[in-house]
Amino acid sequence: MLVALLSAFLGGLILNLMPCVFPIISLKAFGLARQGGDPKRMRQEGAAFFAGTLLAMLALAGTLIGLRAGGQAVGWGFQLQSPLVVGLLILVLLGSALNLTGLFEFGLGLQRMGQTLDDKDGLLGAALTGALAVVVATPCAGPFMAGAIGFALVQPPLAALSIFAALGAGVAAPFTLLSFSPGLARRLPRPGAWMTTLKHALAFPMLAAAAWLLWVLAQQTGSEGLALMLGCALLLAFACWIFGIAQRRRMSGRPARALHGMAAVGLVAIGVLFASPGSALRAPAKPALAEASTPSAESKPVPWSPEAVARERAAGRAVFVDFSAEWCLTCKVNEKAVLSTDAFKAAIAETGTTYMVADSTNYDARIEQAMMELGRSGLPLYLVYPAKGGDPVILPQLLDIKTAVAALKTAAGKKV
């Protein structure tokens, strides 16, 4: 249990480096600089961020544990298996980016919500920023996380939630430490004109994260979902622009009710497009899995299924299974650095190994069930089944070519 708690905490620390999370944490550091080094305000924002992160993590973990207790085969990162959730996150990140560019000044982005509260300025925004960081960080299980999550999901609920709380604490730790450390805080630059430039620059990592999620959505729903999401993004940008004009008119003492109404119409239109029963933001049914006909001579992967694995093992072939998803950043890094290299393809061909991919981009109960049986919940997951039978070997989540090739040769009974 102690090892699992420590692993979860370290895994949470690493999540801060994820490309879609780092700009969100950077925004809060920017907010601390904006406070001008006020120790009390910094501690309050740090505590609010920690609370928001922890509560969001526990809510997500509680939902996951509840679904699994009810018989649902779902795994870590399940929220991004829903195109509706992916679409909402795209709009949140886009709204945040438009906010940072100065198109409007009041929060459609979660980071800015609550900043008009008189005596608690920014605290709700800090808490919601922590919640957003959790939602966009959890789809991938990085180093230390996989074992901790797998262990948590076979424990009683209280022990499981303790491990997920340690994961949330790891996510929140860097910013919270900064906000409670006077020594580090004194190193923050004082407020000035540079902050406007930095604020605008931070919009671009937000836009990059939104673009990545848009690509994920296109993999889930095809061109129809992509077209719908682009239309929603255009409506959101229009609503933000109108809202910004209304703000400036109101500040100058001129009426702006009609403009507010136009912005509200744009937001309502987005809601209708999302909620309509025929919305394209519904994952299309997966096509029937292709048969792994002659994979032993091919390095090109074939779709995974339990039946295909059993068939290939009965034929005396080693099997390599890649459990991944389009929204899993660690999976894409491993794919580029190892699985798509000539050396790996040559090892697949040399050992006559069947290369299978279990794609969790959209929800697949059989994939989730197979991972549960192995005591794993997070992606990526790499298995190598020996040609002569026996239990599969689980490879590290951060693959390297030497380890992968050695595992293939060992499974095929060849000298390493």
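Residues numbered from 1 in each chain as written. Predicted model: local features only at pLDDT ≥ 70, side-chain atom pairs only at ≥ 80, totals over all residues. Heavy atoms only, no water.

(A) Representation of the overall build of the chain. If you tally the helices and strands in the chain, you get 16 helices and five strands. Counting the 416 residues in the chain, one finds 50% classified as buried. In the chain, 76% of the contacts between residues at least 6 apart in sequence involve partners at least 24 apart. (Helix = DSSP H or I, 4+ residues; strand = E, 2+ residues; numbered from the N terminus. Buried < 20%, exposed > 50% of the residue type's maximum accessible area, 1.4 Å probe, protein only. Contact = heavy atoms within 4.5 Å.)

(B) Summary view of the packing of helix H14 (residues 342-351) against helix H16 (residues 401-411). Their axes nearest at 9 Å, the elements H14 and H16 cross at an angle of 5°. Here H14 lies roughly parallel to H16, going by the angle between them. Taking contact as the criterion, the partners of Ala-343, Phe-344, Ala-347, Ile-348, Glu-350 and Thr-351 in H14 are, on H16, Ile-401, Ala-404, Val-405, Leu-408 and Lys-409. A per-class count over the contact of H14 with H16 returns eight nonpolar, one polar and two charged. (Axes fitted to C-alpha atoms, helices over the stretch in contact; angles between N-to-C directions. Parallel < 35°, antiparallel > 145°, perpendicular 65-115°, else oblique. Nonpolar A, V, L, I, M, F, W, Y, C, P; charged D, E, K, R; others polar.)

(C) Focus on helix H10 (residues 203-251). Compared with an ideal rise of 1.5 Å per residue, which puts 49 residues at 72 Å, H10 spans 25 Å between its outermost C-alpha atoms and falls more than 12% short. Along H10, the largest kink reaches about 130° and is centred on Gly-222. Just downstream of H10, Gly-253 is the residue with a positive phi angle, here 85°. (Expected span 1.5 Å × (residues − 1). Bend = angle between axes of the 7 residues up to and from the residue.)

(D) A look at the state of the cysteines. If you walk through the whole model with that rule in mind, you get one disulfide. Here Cys-328 connects covalently by a disulfide to Cys-331, the sulfurs 2.3 Å from one another. Disulfide Cys-328-Cys-331: torsion about the S-S bond near 80°, hence right-handed. Accessibility assignment for this pair places Cys-328 and Cys-331 in one class, buried. (Disulfide = S-S within 2.5 Å.)

(E) Representation of the nonpolar core within the structure. Of all hydrophobic cores here, the largest spans 52 residues; its most connected members are Leu-213, Trp-304, Val-321, Phe-323, Trp-327, Met-356 and Leu-379. The next biggest cluster of nonpolar side chains, apart from the first, holds 19 residues, and it includes Leu-15, Ala-56, Ala-148 and Ala-160. (Core = buried A, V, L, I, M, F, W, Y, C linked by side-chain atoms within 4.5 Å.)

(F) Highlighting the side chain of Lys-409. By the secondary structure assignment, Lys-409 is in helix H16. Although buried, Lys-409 forms no salt bridge, and the nearest oppositely charged side chain, Glu-350, lies 4.3 Å from it. With residues near it in sequence (within four places) discarded, Lys-409 still touches Glu-350, Thr-351, Lys-414, Lys-415 and Val-416. (Lys, Arg positive; Asp, Glu negative; His and termini not counted. Salt bridge = Lys/Arg side-chain N within 4 Å of Asp/Glu carboxyl O.)

(G) Inspection of the pairing of strand E2 (residues 319-324) at higher detail. E2 sits mainly inside the fold: six of its six residues count as buried. In E2, alternate side chains face the same way, and those of Val-319, Val-321 and Phe-323 on one face and Phe-320, Asp-322 and Ser-324 on the other are all buried. The sheet contact formed by E2 and strand E3 (residues 354-359) spans six bridges and is parallel. Looking across to E3, one finds that Phe-320 is bridged to Tyr-355. Both E2 and strand E4 (residues 381-385) contribute to a ladder of five bridges, which runs antiparallel. Bridging from a neighbouring strand, Phe-323 pairs with Leu-381 of E4. (Pairing = 2+ DSSP bridges.)

(H) Representation of the sheet that holds E3 within the structure. Sheet architecture is open: five strands sit in the order E1-E3-E2-E4-E5, paired in mixed fashion. This sheet does not close on itself; its edge strands, each paired only once, are strand E1 (302-303) and strand E5 (393-394). Direction of pairing for E1 relative to E3: parallel, over a ladder of two bridges. If you follow Pro-303 over to E3, its bridge partner there is Val-357. Its contacts with the sheet put helix H15 (residues 365-373) on E2, E3 and E4, and the angle it makes with E2 is roughly 110°.

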